[in-house]
Amino acid sequence: MDPVSPWSTRTLQTRLSEIRSRLGTAPDGQPYLPRPKHGYSFHPDVTSDWRRFQDLATRGLADPQGGTDDLENALALLRGKPFEGRDFSWADAVQQEMISRIIDTAHTLAVRHTEGDQPDLDAARRAALRGLEIDETAEVLYRDWMNIEWGAGNTAGVRKAIARLQQVARTYDISLEPVTEQLIDLVLADRTAPSRAGRS
């Protein structure tokens, strides 16, 4: 499976045969890993948390009014950073795509929970922090977190978010985006809380 040291055709066929045997057959009688016709693919009954995440996130992001539950359910599927603890060169691009999608979902959910006549700042905070568990360098989520704590009047929470962001920036030698720097200045000056400062 490693593109750098690929299996021989014989080894590949043997491994696939072993996998096909272990997986068995679907209720329709077809193997869960069919013999290839135009490339390898699993039976449609074989799903993954990532496919479910994508379906929920796509539906939730497309529905600003009723899609919040879908976004919540998508984030609930996460069990750590994709490919964490593994070093697969072939997975780098896939990992980045997955992380970007997760961060977009967490950000959208945090924003939705802070908007409207009855904001749910606890739910917004959970969404932002859940995203930061996946990517601790996601500046947009730190801005969400600062806005949430600022909106809640939680000065200690604002300072905690800023301190964590600054520590991450030092650790990874990252320069903060101007919009993040402006938001930090704004919240530390303790001016009127924004409705959507630094959300872009």
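Please read all numbers here as calculations on a predicted model, not as lab measurements.

### A closer look at the layout of surface pockets
Any empty space left between the atoms is revealed when a probe the size of a water molecule rolls over them.
And then number 1: Roughly 230 Å³ of volume is contained in the largest pocket.
And then number 2: What lines the largest pocket is simply Asp49, Trp50, Phe53, Leu77, Leu78, Arg79, Gly80, Lys81, Pro82, Phe83, Met98 and Ile102.
And then number 3: Only α2 (49-62) and α4 (92-114) provide two or more residues apiece to the lining of the largest pocket.
And then number 4: Here the lining of the largest pocket gets three residues from one element, more than from any other, and that element is α2.
And then number 5: A class-by-class count of the residues in the lining of the largest pocket yields eight nonpolar, one polar and three charged.

### Notes on helix α3 (residues 68-76)
And then number 1: Taken as a whole, α3 has its buried residues at Thr68, Asp70, Leu71, Ala74 and Leu75. Down the axis of α3, the buried set is contained in an arc of 160 degrees. They therefore lie on one face. Facing away from the buried side of α3 by over 90 degrees, the exposed positions are Asp69 and Ala76.
And then number 2: Close packing links the buried residues of α3 with α2, α4 and α5 (121-134).

### Let's talk about the packing of α2 against α4
Geometrically, a packed helix pair is captured by the angle between its two axes and the distance between the axes.
And then number 1: At a minimum axis distance of 11 Å, the contact between α2 and α4 shows a crossing angle of 40 degrees. Considering the angle they form, α2 stands oblique to α4. Taken as a pair, α2 and α4 cross one another with a handedness that is left-handed. Residues Trp50, Phe53, Gln54, Ala57, Thr58, Gly60 and Leu61 of α2 form the contact with α4, whose own contacting residues are Met98, Arg101, Ile102, Thr105, Thr108 and Arg112.
And then number 2: Of the residues assigned to the contact of α2 with α4, the class counts are six nonpolar, five polar and two charged.

### Digging into the pattern of salt bridges
And then number 1: With the rule as written, the count across this model stands at nine salt bridges.
And then number 2: Here Glu18 ties to Arg15 by a salt bridge, and the two come within 4.0 Å at their closest N and O atoms. Placement of both Glu18 and Arg15 in helix α1 (residues 9-23) is noted, with a separation of three residues, approximately one turn of the helix.
And then number 3: Given the relative accessible area of 41%, Glu18 is considered partly exposed.
And then number 4: Put simply, Arg51 and Asp55 hold a salt bridge, and the shortest N to O gap is 4.0 Å. Of the two residues, Arg51 and Asp55 are both situated in helix α2; the distance of four residues between them amounts to about one turn of the helix.
And then number 5: The class of Arg51 is partly exposed, set by a relative accessible area of 44%.

Rules behind the numbers
Residues numbered from 1 in each chain as written. Predicted model: local features only at pLDDT ≥ 70, side-chain atom pairs only at ≥ 80, totals over all residues. Heavy atoms only, no water. 1 Å grid on protein atoms, 1.4 Å probe; cavity = no way out; pocket = protein on both sides within 12 Å on 5 of 7 lines; lining within 4 Å. Points joined across faces, edges and corners; volume = space filled by probe spheres on them. Helix = DSSP H or I, 4+ residues; strand = E, 2+ residues; numbered from the N terminus. Nonpolar A, V, L, I, M, F, W, Y, C, P; charged D, E, K, R; others polar. Buried < 20%, exposed > 50% of the residue type's maximum accessible area, 1.4 Å probe, protein only. Arc of directions from axis to C-beta. Contact = heavy atoms within 4.5 Å. Axes fitted to C-alpha atoms, helices over the stretch in contact; angles between N-to-C directions. Parallel < 35°, antiparallel > 145°, perpendicular 65-115°, else oblique. Left-handed = near helix turned anticlockwise from the far one by under 90°. Salt bridge = Lys/Arg side-chain N within 4 Å of Asp/Glu carboxyl O.

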